[in-house]
Amino acid sequence: VEAIAGALLLERFGLKRSSLDSLERLAGLVLAVGVAAPALTAPLGAGVATLATGTGFVDNVLNWFAGHALGAVTAVPVVGLIASGQAARWTRTAA
């Protein structure tokens with residue numbers, strides 16, 4: 001669900017391609033996949049975690065949001081560079 005939300009947000013704001021070519025587009029990428037998508041899915045994930053473990057809902061929301069936001073901000077640019085072929089071009093150029 002979170003990946004779909006992130007992809008739809010990227011598509012909606014025109015950030016699907018070349019999201020790292022300007023500071024504004026990078027900020028949009030971070031807001032879409034690092035803030036909005038985890039915020040949309042955190043209540044659902046936290047609800048499941050609360051039911052499964054009996055821990056507090058609010059704590060689970062905060063943990064879900066923080067973990068998924070940091071993971072997305074870390075992974076999405078790297079995966080994007082690999083998928084676009086830019087990482088391979090950089091590797092060839094550096095060699």
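Residues numbered from 1 in each chain as written. Predicted model: local features only at pLDDT ≥ 70, side-chain atom pairs only at ≥ 80, totals over all residues. Heavy atoms only, no water.

J.: Explanation requested: the overall build of the protein in the structure shown.
T.: Of the regular secondary structure elements, the protein holds four helices and zero strands. Over its C-alpha atoms the protein spans a radius of gyration of 16 Å, topping by over 25% the 12 Å that the globule rule assigns to 95 residues. Expressed along its principal axes, the backbone C-alpha trace of the protein runs to roughly 50 × 30 × 20 Å. Taking all 95 residues of the protein together, the buried fraction comes to 24%. Partitioning the intrachain contacts of the protein with sequence separation of at least 6 by distance along the chain shows that 44% fall at a separation of at least 24. Accessible area for the protein stands at about 6,300 Å²; split by element, carbon and sulfur atoms hold 71% of it. Charge centroids of the protein, computed over 6 positive and 5 negative side chains, lie 14 Å from each other. (Helix = DSSP H or I, 4+ residues; strand = E, 2+ residues; numbered from the N terminus. Rg over C-alpha atoms; globule rule 2.2 N^0.38 Å. Buried < 20%, exposed > 50% of the residue type's maximum accessible area, 1.4 Å probe, protein only. Contact = heavy atoms within 4.5 Å. Areas by Shrake-Rupley, 256 points an atom, 1.4 Å probe, with all protein chains shown as cover. Lys, Arg positive; Asp, Glu negative; His and termini not counted. Charge placed at Lys NZ, Arg CZ, Asp CG, Glu CD.)

J.: Hey, could you run me through the confidence of the model for the protein in this one?
T.: In this model, the protein carries a mean pLDDT of 86, and residues with pLDDT of at least 70 account for 94%. The lowest-confidence element of the protein is helix H1 (residues 2-12), averaging 83 in pLDDT; the highest-confidence one is helix H2 (residues 23-53), averaging 91. (pLDDT = per-residue confidence, 0-100.)

J.: I'm lost on the environment of Gly47 in this one. Help?
T.: Within the fold, Gly47 resides in helix H2. Note on Gly47: relative accessible area 21%, which makes it partly exposed. Gly47 sits 33 residues away from Gly80 along the chain, and the two C-alpha atoms are 30 Å apart.

J.: Sorry, what's going on with H1 here?
T.: Because an α-helix completes one turn every 3.6 residues, residues spaced three or four positions apart along the sequence face the same direction. Regarding H1, the residues found buried are Glu2, Ala5, Gly6, Leu9 and Leu10. Along the long axis of H1, the arc covered by the buried residues comes to 130°, so they all point the same way. Residues of H1 that are exposed and angled more than 90 degrees away from the buried face: Ala3, Ile4, Leu8 and Arg12. Among the structural elements, H2 and helix H3 (57-84) are those in contact with the buried residues of H1. A positive phi of about 65° marks Gly14, the residue just after H1. (Arc of directions from axis to C-beta.)

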